[in-house]
Every structure is written in structure tokens, then in C-alpha cells.
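# Residue-level structural notes
What follows is each chain in one-letter form.
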There are 2 protein chains.
Amino acid sequence: MGNKKTAHHHGDLRATLVKAGVELIRELGPDALSIRKVAAKAGVSHAAPAHHFPTLAHLRTAIVAYGHEQFAQHMRDEMDAEPDKDPRAILLAAGRGYMKFVIGNAALYQLMFGGSQKLYEDEVLQVSASKSRAVLEQITAPMVVGKAGSKGNQLLVWSIFHGFAGIVLNDNSAELDIESAPEYLESIFPDFPMNS
Amino acid sequence: MGNKKTAHHHGDLRATLVKAGVELIRELGPDALSIRKVAAKAGVSHAAPAHHFPTLAHLRTAIVAYGHEQFAQHMRDEMDAEPDKDPRAILLAAGRGYMKFVIGNAALYQLMFGGSQKLYEDEVLQVSASKSRAVLEQITAPMVVGKAGSKGNQLLVWSIFHGFAGIVLNDNSAELDIESAPEYLESIFPDFPMNS
DNA sequence: CCAAGTATGTTGACACTGTCTAGTTCGCAT
DNA sequence: ATGCGAACTAGACAGTGTCAACATACTTGG
């Protein structure tokens, strides 16, 4: 017991579909996400997912929520592994974790932050997205507050991370090797004034 | 004469399709772009576009190229209208033009810089994209060159612009009014050292 | 412990999509 | 003027999301 695999027919189809979706976009890209392919991957009929995800946007939202969990964890892992506890070192460690997630989960990242339709009102998404946001708040907390307030600092750092990732992934004219993105981000990241 | 509208059957269907595509995504969003809807909007059969755009990705690429032209022009317009010719003022003017384009062409912007598949090898796209890139090179030219070189400066500025736009468009938790994006960008933009 | 009810799954249908193959029509060059 | 090729139409096919009707298995109230 305690094994949730004894649900009604399939056993935790909802989680299986999310996992299948993650694998699918990893193999075929974010646009290839399809209810029918995910259903086939999970070994159920094409209409089975409808009970767990009424529309494709619902499935996409659940996958994005899953991605946010992994995303925040990547940043936290890198922050924890950073020996230098200087605020800037921690901030850069988060950026490194950010880029490592991008490298290892490019399609998932694009699904999360690309323009594809999501259901922002979804509670699961809001909870998981708040975890990434908590990391952002933590790493920007030591920054000296300027005229735009601490929210301005958060927006600036997040913009740099997001924008850099977007260029690495989508701007071929930048000619950036995705593998060296973590180090390159560090080399361009401005020397913001920090408290303490 | 001089009127190009006397092509074979329809008269400049290629340009008509691009224009219809731009209108379509403005009305229904980037994901709603479809060959058949564009064909219907142009008043031709569903297979007519195939002669000008073999696949949907070709059409999308042409629309993105069109977008880059407009995009670069928005930045240039704002730079030209800026009375203060200080390098930072020019840089911020470009950012203002950038955001004005985003505000007025949100769906087109997402098509351009979102993850949707494009044909980067397309010559028309490369030419139009180089115009945006030329603006970037111009506005970052006065920046003091750091360890990452001038390319590092370009990447940083572009990242801030791109990232900020992405947050404005896609991150509902940021709770940013899109209309105030130009001013807000200016308020968070760092005070980078400039030559002269 | 069994019956009813509900959650979960299947099958089939519909409208829509991109793309391919044939045919048709029109304009231009030889 | 005639052929020839570019531009367009019509039809077909596989694949998509979503809906409706039905089947099954678990769960829970009596």
C-alpha cells in the first residue's frame, strides 16, 4: 500500500501523461506536443487524456508547471553547491543553474517561457511558478535598491537571464555555443552594487 | 503602369499573403497562423500559397522577415526623434522604440522571437534581421568594452530588451502594464559606462 | 456484502490542419 | 500564333483537438 499505482484503470495516468509530454517535446520539440501522441506514448486511447486535461492547453500548463519545479531546483542546486557565499557569487550561481536547465531542457524551457498558450489561472502552475520566483527574490535581495525599487532589480536580473537564454536558443545570428552559455552569461553579467 | 498589381492571375499574391498573415496573427495570435486561413483571407484557394511558400514554415519566415523590417524601423524612428544625442539617450530611445513595437505588434513579436520554427537560412530573413542587428551594434558602440568584448555588450543590451519584453508579454505574475513598458524599461536600465 | 453511482477509459465522429497530386487557366516569349 | 511554364483550383490523405455515446472498474452508502 501507499502505492498509488492502484488507481482506477491505468494508475496515475495524469502523471504518466505529463511525463510522456516532457519526453515528447524533448524528442520532437515544443510544437510537436499533441494529445494523441502523448496518449499513444502512455498506451491509452486518444480520448483518455480528456478526463485529466480537458484541452491541450491544460496539458501544456501541467507540463509547464512540472518544468517550473525542475527549473527552480536546478537553480537551488547550483546555489547550494557554490562554496563562495558572497551575494554576487550566489546570484551568478543561480544564473549558472538557470542556463544548465536551459541546456538540458531546451524544449521544455521554450514551452515555459515561449508564447504558447497557457492557463495562468491554474493553481498548480501558480504554486510551481512561485518557486522560481522565490529564487529570483532571494538572489536579488542583496542588491542595492535603485529608483525602480526591489521589483526593478528583480525585473532587471530576470530580464538578463531570460533574454540571454532566448538569444542562445533562438538567435542563430548570435552564433553562441549553447554549452558555454553558463560561463558566457557570467562574463557579461554587470557588476551590480550589493549590500554587505 | 508601374503598378505591380498586374502579375499573372492574382497580382502579387506573395505580398498579399504575408500581409494577410500579419493581420491574422494580430487578430487571433501567433499560433493561429494557418495556410488555409491566410489563403481564405487573400481570396484564393487553400493550395495557392504552396507556390509561393512550400510549407507553413516558409510563410512564417516571410512574416518574421517583414516583422524585422518594421521592428528596426520602430527603433530607428524613436532614435531619430530623440533630441538628446547623448549615447545613453540614443540607447534608451532604441529601447523605447523596441517596446513600442512590442506594444503595437505583440503577436508578431512573439512569432519573431518565440520558439516557433523558422528557416534561418532564408536570405530575405537574414537581410531583414541584419537591420535590427545593425541598430543593436550602433547603440552599443559607445559602451566601454569590458572583458567580454563589444559582442558581450551587444548581448547584454539585447538580453535586457528581449528579456524585459518577454516578461511583459508572457509573465503574468510580473503584473506589468504593457502600456507603461517603455518608461519602465528606462527606469530599470543600468547606468552602463559610455565613452565620450 | 451488494447495488448504485462516479471516475476512468474506449470508440467513433466532426471539422480543421498541412501537404501532395492532378488538372486548369492565363500570360509571355519564341 | 502557338507552345510552354507559372499561377491557381479541386480533391485527397493523414493527422490534429474536441465532443458524444458507450463500457468498465473502483468506491462508497445501505
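So, a few notes on the structure that sits alongside this text. Keep in mind that this is a model prediction, so the values were computed, not measured.

## Let's talk about the relation of the copies chain B and chain A
- Superposition of chain B onto chain A requires a rotation of 180° combined with a translation of 0.0 Å along the rotation axis, giving an RMSD of 0.0 Å. The symmetry that links the two subunits is that of a two-fold axis. Considering only C-alpha atoms, the residue of chain B closest to the rotation axis is G163 of chain B, which sits at 1.8 Å.
- A share of 100% of the interface residues of chain B reappears at the interface of chain A, consistent with the copies meeting face to face through the same patch.

## A word on the protein's contact with DNA strand C
- Neighbouring DNA strand C are 22 residues; S45 and H51 of chain A together with I35, R36 and L56 of chain B lie closest to it.
- Near the protein, meaning within 4 Å, the atoms of DNA strand C are sugar or phosphate in a fraction of 47%, with bases accounting for the rest.
- For DNA strand C, a phosphate oxygen lies 2.6 Å from a polar atom in the backbone of S45 of chain A.
- One of the backbone nitrogen or oxygen atoms of I35 of chain B is found 2.7 Å away from a phosphate oxygen of DNA strand C.
- No other element matches the three residues that helix α2 (residues 35–42) of chain B contributes to the surface near DNA strand C.
- Here the residues of the surface near DNA strand C are counted per class, giving seven nonpolar, 12 polar and three charged.

## Observations regarding helix α6 (residues 123–140) of chain B
- Between its terminal C-alpha atoms α6 of chain B stretches 26 Å, which fits the 26 Å expected from 18 residues at 1.5 Å a residue.
- Turning to α6 of chain B, the residues buried within the fold contact α3 (56–81), α4 (87–104) and α7 (149–170) of chain B.

## Here we look at the pattern of salt bridges
- Across all of its chains, the model carries 18 salt bridges over all chains by this definition.
- Measuring nitrogen to oxygen at the nearest pair gives 3.3 Å for the salt bridge that ties R96 of chain A to E78 of chain A. Taken as a pair, R96 of chain A in helix α4 (residues 87–104) and E78 of chain A in helix α3 (residues 56–81) lie far apart in primary sequence, 18 residues in all.
- A salt bridge links D171 of chain A to R133 of chain B; the nearest nitrogen and oxygen atoms lie 3.9 Å apart. With D171 of chain A in the loop between α7 (149–170) and α8 (181–188) and R133 of chain B in helix α6, the pair connects residues from two separate chains.
- Relative accessible area serves as the criterion here: at 16%, D171 of chain A is assigned to the buried category.
- Using a relative accessible area of 22% as the deciding quantity, one classes R133 of chain B as partly exposed.

The rules behind each value
- All residue numbers here refer to positions counted from 1 along the written sequence of the relevant chain.
- The naming scheme follows written order: chains are lettered A onward, ligands numbered 1 onward.
- Residue-level local features of this predicted model are given only where pLDDT is at least 70; pairs of side-chain atoms are given and counted only at 80 or more, and the full residue set underlies all totals for whole chains, interfaces and linings.
- Only hydrogens and water are set aside when side-chain values are computed; all heavy atoms of the structure are taken into account.
- Here the copies are matched by least squares. The fit uses the C-alpha atoms of residues with pLDDT of at least 70 in both.
- In this description, contact between two residues means that some pair of their heavy atoms is separated by no more than 4.5 Å.
- We define proximity as follows: a residue is near a molecule or strand when any one of its heavy atoms falls within 4 Å of that partner.
- Here a polar contact is taken to be a pair of N or O atoms separated by no more than 3.5 Å, where protein atoms must pair a possible hydrogen donor with a possible acceptor and residues adjacent in sequence count only if both atoms sit in side chains.
- Helix and strand assignments follow DSSP, with helices taken as H or I runs no shorter than four residues and strands as E runs no shorter than two, numbered in order from the N terminus.
- Just so you know the grouping, Ala, Val, Leu, Ile, Met, Phe, Trp, Tyr, Cys and Pro go in nonpolar, Asp, Glu, Lys and Arg go in charged, and all remaining residues, Gly too, go in polar.
- The span expected for a helix works out to 1.5 Å for each residue beyond the first.
- Whenever Lys or Arg places a side-chain nitrogen within 4 Å of a carboxyl oxygen from Asp or Glu, that contact is recorded as a salt bridge.
- Throughout, exposure labels follow a simple rule: accessible area from a 1.4 Å probe, protein chains only, divided by the maximum for the residue type, with under 20% read as buried, over 50% as exposed, and the rest as partly exposed.

Spatial relationships are all this shows, so hold off on functional conclusions.
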